[in-house]
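Here's the letter readout for the chains.
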Amino acid sequence: MFIPPKDIGWVEVICGPMFSGKTEELIRRIRRASFAKQRVQVFKPKIDDRYDANAIVSHNQERVEGIPVSDLKEMRQKLDPHVEVVGIDEIQFFDQGVVDFCDELANKGCRVIVAGLDLDYLGEPFGPLPRLICQAEYVSKLLAICVRCGNPAHHSYRLSTDPQQVLVGSTDQYEAICRRCFKVGQD
Ligand SMILES: Nc1ncnc2c1ncn2[C@@H]1O[C@H](COP(=O)(O)OP(=O)(O)OP(=O)(O)O)[C@@H](O)[C@H]1O
Ligand SMILES: Cc1cn([C@H]2C[C@H](O)[C@@H](CO)O2)c(=O)[nH]c1=O
Ligand SMILES: [Zn+2]
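As recorded in an unreviewed UniProt entry, the protein goes by Thymidine kinase and comes from Microvenator marinus. Recorded under Subcellular location (unreviewed entry), the UniProt text for the protein is reproduced unchanged: "Cytoplasm". Reading the Sequence similarities (unreviewed entry) entry of the UniProt record for the protein gives the comment "Belongs to the thymidine kinase family."

Enquirer: If you had to explain the site of ligand 1 to someone new, which residues and values would you point to?
Expert: As a structural note, the neighbourhood of ligand 1 is formed by 18 residues, with K22, T23, E24, H59 and I145 the closest of them. Backbone polar atom of S20 to an oxygen atom of ligand 1: 3.1 Å apart, as the coordinates give it. At 2.7 Å, a side-chain N or O of K22 approaches an oxygen atom of ligand 1. Those elements that place two or more of their residues in the shell around ligand 1 are α1 (22-35) and β9 (144-145). Looking at the shell around ligand 1, its residues break down into eight nonpolar, six polar and four charged.

Enquirer: Which residues make up the environment of E74, and what are the values?
Expert: Looking at the secondary structure, you find E74 in helix α2 (residues 72-78). Once the C-alpha coordinates of E74 and C149 are considered, the two residues, 75 residues apart in sequence, prove to be 42 Å apart. Ignoring any residue separated from it by four or fewer positions in sequence, one finds E74 in contact with K46, P68 and V69. Polar side-chain contacts of E74 include one of 2.7 Å to the backbone nitrogen of S70.

Enquirer: Explain the site of ligand 2 to me, using residue names and the numbers behind them.
Expert: In the vicinity of ligand 2, 17 residues are found, and the nearest of them are E90, Y121, Q165, L167 and G169. Q92 places a side-chain nitrogen or oxygen 3.5 Å from an oxygen atom of ligand 2. Contact between ligand 2 and Y174: a nitrogen atom at 3.3 Å from a side-chain N or O atom of the residue. Protein burial of ligand 2: of its 400 Å² of free accessible surface, 98% is covered by the chains. Residues of the shell around ligand 2, tallied by class, amount to nine nonpolar, four polar and four charged.

Enquirer: Summarise the packing of aromatic side chains; cite the residues concerned and give the values.
Expert: To describe a pair of aromatic rings, you give the distance between the ring centres and the angle between the ring planes. Inspection of the entire model under this criterion finds two aromatic pairs. Judged by centre distance (6.3 Å) and plane angle (75°), the rings of W10 and Y138 are edge-to-face. Of this pair, W10 sits in strand β1 (residues 10-15) while Y138 sits in strand β8 (residues 138-141); the two residues are 128 residues apart in sequence, bridging distant segments of the chain. With a relative accessible area of 7%, W10 lands in the buried category. The interplanar angle of 80° and the centroid separation of 6.1 Å between the aromatic rings of F93 and F126 together place this pair among those described as edge-to-face. Residue F93 is located in the loop between β6 (85-88) and α3 (97-107), and its partner F126 is located in the loop between β7 (111-116) and α4 (129-135); the two are separated by 33 residues in the primary sequence. Judged by its relative accessible area of 4%, F126 falls in the buried class. Between R148 and the ring centre of Y157, over which it is positioned, the NZ or CZ distance is 4.6 Å. The ring of Y121 carries the charged tip of R158 above its face, separated from the ring centre by 3.7 Å.

Enquirer: Any chance you could break down the nonpolar core for me, citing the residues and the numbers?
Expert: Within the largest apolar cluster, 25 residues are counted, with the highest numbers of intra-cluster contacts made by M75, I88, I91 and V98. Listed by contribution, the elements that provide at least two residues to this core are β1, α2, β6, α3, β7 and α4. No other element matches α3, which puts six residues into this core. Look past the residues within four positions of I88 in its chain and what remains in contact with it is L26, F43, M75, F94, V98, F101, C102, I113, V114 and A115. Counting 11 residues, the second largest nonpolar core, distinct from the first, contains I14, V64, V85 and I113.

Procedures and definitions
Residues numbered from 1 in each chain as written. Chains lettered and ligands numbered in written order. Predicted model: local features only at pLDDT ≥ 70, side-chain atom pairs only at ≥ 80, totals over all residues. Heavy atoms only, no water. UniProt positions renumbered as here; feature names shortened; annotations may be inferred. Near = heavy atom within 4 Å. Polar contact = N/O pair within 3.5 Å; in protein donor to acceptor, adjacent residues only side chain to side chain. Helix = DSSP H or I, 4+ residues; strand = E, 2+ residues; numbered from the N terminus. Nonpolar A, V, L, I, M, F, W, Y, C, P; charged D, E, K, R; others polar. Contact = heavy atoms within 4.5 Å. Areas by Shrake-Rupley, 256 points an atom, 1.4 Å probe, with all protein chains shown as cover. Phe/Tyr/Trp six-rings, centres within 6.5 Å; stacked < 30°, edge-to-face > 60°. Buried < 20%, exposed > 50% of the residue type's maximum accessible area, 1.4 Å probe, protein only. Lys NZ or Arg CZ within 6 Å of the ring centre and 35° of its normal. Core = buried A, V, L, I, M, F, W, Y, C linked by side-chain atoms within 4.5 Å.

Laid out in structure tokens, this is it:
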């Protein structure tokens, strides 16, 4: 059972492949904090404009307001000094500095909830996620459903041959697939 500590901040990480429900889960937690009348702010990287520039939106169209920022510097500038709960979606797109940023916020007493891909399309750790996972008090690793065989999916398979790590997209570019189907693709 999750018993929130009192008068102290902490970091929660929600990770997993694409389509695993990370944004949905972030939205659920943010809505509950809003119901509790806590002062909430949600950020997202500006490059992720898949569904809406000023909201975080899940693949099944749940949404909450989200402030688009180009980088960590802009997030710091736009941070409400009285904020109690900070949500950050698609955190894999921020640089390593975001790990210390989350730590600072938690040390000041904020609840920090971040969501992002732990692995890129090659199955390699993505940006700041490994360090965030180590530093966080609470880590939820979600799985999607493999579109090829129906097993739990822990990989995001890229449909194109584009070799860049960062390539924004949805079902046009990616599929959730399981460990076995991912391996078959590599053989
Ligand atoms: N292969 C799949 N497995 C599970 N859910 C899927 C799949 N394809 C589409 N969905 C839908 O996606 C929803 C989850 O969307 P959500 O935006 O929360 O995922 P996400 O992990 O944040 O993805 P992304 O990393 O692409 O932002 C599910 O509730 C379901 O409706
Ligand atoms: C798997 C993967 C996803 N992405 C993008 C696609 C989506 O816009 C976002 C995941 O929600 O990350 C990458 O940029 N690189 C990757 O390797
Ligand atoms: Zn599979």
